[in-house]
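Listed below are the residues making up each chain.
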Amino acid sequence: MNTYAGIPEENATLENAKVMLVTVPYDGTSTWGKGADKGPELFLDASENMELYDIETGTEPYLEGVWMAGEVSENSSPEAMTEAVYQKTQEMMQNEGKLFTLFGGEHSVSIGSIRAFGEKYPDLTVLQLDAHTDLRPDFHGSTSNHACAVFEASQKLNLVQVGIRSCDVEEMQYVPEGQCFWAHEIANNENWVNDVLEKVSGNVYITIDLDAFDPSFAPSTGTPEPGGLQWYPTLELLRKVFEKCNVVAFDIVELMDSPYAKPTAFLAAKLYYKMLAYYHIGK
């Protein structure tokens, strides 16, 4: 039995686990750096090579259990992939009392899972950490393109964007007023974490594109942008979100294969594990 991070089998079953992990190795619409389909594999490999004791929280999150809930491999079209992720997410949501997590894949994989949780929680807040707005209604003939990852959420749910530093002019009309925390403003605002928290409450879905981080330490993404988020302030934000809100799901996307993928893969592995720690201590 292959388990997340090589944890013991007794911590990796549906019955014993409080966390479900779905992987979506999809890279069908990326337009520059290719290789996000290898993201889940890189993430899982890095996870097996990290220590499972979290110093900050003094916990071992794996003891609460992580169940590998399967892979969504549909790639015949972006729309078919979105529907497959949506159906898989709905299936997993039947397991009450467990945290749903997803690892991509390019950012388009989030559309289906956000849709499913948005139907269950009409008041859902989507907290997006990203370098890009991803607010195109459609791109290259598809509404399930990676550039459209949160457009649907912006129209139906409470979208809060953090770390944005790249945007097409046509997307500006869809940027949620007062709820987009631009990277250049964050850089000059010591209180930005608390400002974000004022916009985030209730049931929350967190979607993290790894290009939200500065490429100086997370370079292996499809479209790295200079001027990104730093590690510890981002963790502070995430911990406070888990403390304040009911985080119902989260995803991490856009880990790309490259000759220098390991540092970014390890960051992704640590980020995922940190979020598990924050989830458990927040309960």
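Going by the annotation in an unreviewed UniProt entry, the name recorded for the protein is Agmatinase, with Chryseobacterium suipulveris given as the source organism. What UniProt states about the protein under its Sequence similarities (unreviewed entry) heading is, verbatim, "Belongs to the arginase family. Agmatinase subfamily."

Colleague: Give me the lowdown on the overall build of the protein, citing residues and values where you can.
Modeller: A count of helices and strands for the protein gives 8 helices and 8 strands. Scaling as 2.2 N^0.38, a compact globule of 283 residues should have a C-alpha radius of gyration of about 19 Å, and the protein matches this with 17 Å. With the principal axes as the frame, the protein shows a C-alpha extent of 50 × 45 × 40 Å. Buried residues in the protein amount to 58% of all 283 residues. In the protein, the proportion of contacts linking residues at least 24 apart, taken out of those at least 6 apart, comes to 77%. Of the roughly 11800 Å² of accessible surface on the protein, 47% is carried by carbon and sulfur atoms.

Colleague: For unusual backbone geometry, give the residues involved together with the corresponding values.
Modeller: That bond from Gly104 to Gly105 is cis: its omega, 15 degrees, falls within 30 degrees of zero. Mapping Gly105 onto the fold places it in the loop between strand 3 (99-104) and helix 3 (110-120). Phi is positive for Glu254, close to 70 degrees, though the residue is something other than glycine. Positionally, Glu254 belongs in the loop between strand 8 (246-253) and helix 8 (262-281).

Colleague: Which residues make up the pattern of salt bridges, and what values do they have?
Modeller: All told, the structure shown has 11 salt bridges when counted by the stated rule. A salt bridge links Lys274 to Glu56; its shortest N-O distance comes to 2.7 Å. Here the residue Lys274 occupies a position in helix 8, and Glu56 occupies one in the loop between helix 1 (39-47) and strand 2 (66-71), the gap between them amounting to 218 residues. For Glu56, a relative accessible area of 41% gives the class partly exposed. As a salt-bridge pair, Glu96 and Lys120 come within 3.7 Å of each other at their nearest N and O atoms.

Colleague: So what's going on with the side chain of Thr264? Residues and values would help.
Modeller: Among the structural elements, Thr264 can be located in helix 8. Excluding its chain neighbours within four sequence positions, the residues that come into contact with Thr264 are Leu210, Ala218, Pro219, Ser220, Thr221 and Leu255.

Colleague: Any chance you could break down the packing of helix 2 (residues 78-92) against helix 3 for me, citing the residues and the numbers?
Modeller: Where helix 2 meets helix 3, the axes come as close as 7 Å, and the angle between the chain directions of the two elements is 45 degrees. Here helix 2 lies oblique to helix 3, going by the angle between them. Regarding helix 2 and helix 3, the two cross each other, and that crossing is right-handed. Residues Thr82, Val85, Tyr86, Thr89 and Gln90 of helix 2 form the contact with helix 3, whose participating residues are Ile111, Gly112, Ser113, Arg115, Ala116, Phe117 and Glu119.

Colleague: Tell me about helix 8, and please be specific about residues and values.
Modeller: An α-helical segment advances 3.6 residues per turn. Residues three or four places apart therefore align on the same side. Here helix 8 contains 20 residues, and its C-alpha end-to-end distance of 29 Å stays within 8% of the 28 Å for a straight helix at 1.5 Å per residue. The buried fraction of helix 8 is high, at 15 of 20 residues.

Colleague: Now, about the packing of helix 1 against helix 8: what can you tell me, with residues and values included?
Modeller: It is at 8 Å that the axes of helix 1 and helix 8 come closest, and there the two elements cross at 70 degrees. By the angle between their axes, helix 1 is roughly perpendicular relative to helix 8. Here helix 1 contributes Leu42, Phe43, Ala46 and Ser47 to the contact with helix 8, which in turn contributes Ala265, Phe266, Ala268, Ala269 and Tyr272. The residue makeup of the contact of helix 1 with helix 8, split by class, is 8 nonpolar, 1 polar and no charged.

Colleague: Residues and numbers for the packing of aromatic side chains, please.
Modeller: Tallied over the full model, the rule gives 13 aromatic pairs. Counting every residue linked through ring pairs, the aromatic cluster contains Tyr4, Phe43, Phe103, Phe242, Phe250, Tyr272 and Tyr279. It is Arg136 that lies over the ring of Phe139; its NZ or CZ is 4.5 Å from the centre.

Colleague: Any chance you could break down the pairing of strand 5 (residues 158-164) for me, citing the residues and the numbers?
Modeller: Here strand 5 lies mainly inside the structure; 6 of its 7 residues are buried. Relative to strand 5, strand 4 (residues 125-129) runs parallel, the two being bridged by 5 bridges. When the sheet's bridge partners are listed, Gln128 is paired in strand 5 with Gln161. Note that the unit made of strand 4, helix 4 (residues 151-156) and strand 5 has a crossover that is right-handed. Where strand 5 and strand 6 (residues 180-182) come together, 3 bridges link them in parallel fashion. Looking at strand 6, one finds that Gln161 is bridged to Cys180.

The rules we used
Residues numbered from 1 in each chain as written. Predicted model: local features only at pLDDT ≥ 70, side-chain atom pairs only at ≥ 80, totals over all residues. Heavy atoms only, no water. UniProt positions renumbered as here; feature names shortened; annotations may be inferred. Helix = DSSP H or I, 4+ residues; strand = E, 2+ residues; numbered from the N terminus. Rg over C-alpha atoms; globule rule 2.2 N^0.38 Å. Buried < 20%, exposed > 50% of the residue type's maximum accessible area, 1.4 Å probe, protein only. Contact = heavy atoms within 4.5 Å. Areas by Shrake-Rupley, 256 points an atom, 1.4 Å probe, with all protein chains shown as cover. Salt bridge = Lys/Arg side-chain N within 4 Å of Asp/Glu carboxyl O. Axes fitted to C-alpha atoms, helices over the stretch in contact; angles between N-to-C directions. Parallel < 35°, antiparallel > 145°, perpendicular 65-115°, else oblique. Left-handed = near helix turned anticlockwise from the far one by under 90°. Expected span 1.5 Å × (residues − 1). Nonpolar A, V, L, I, M, F, W, Y, C, P; charged D, E, K, R; others polar. Phe/Tyr/Trp six-rings, centres within 6.5 Å; stacked < 30°, edge-to-face > 60°. Lys NZ or Arg CZ within 6 Å of the ring centre and 35° of its normal. Pairing = 2+ DSSP bridges. Right-handed = clockwise from strand over helix to strand, strands pointing away.

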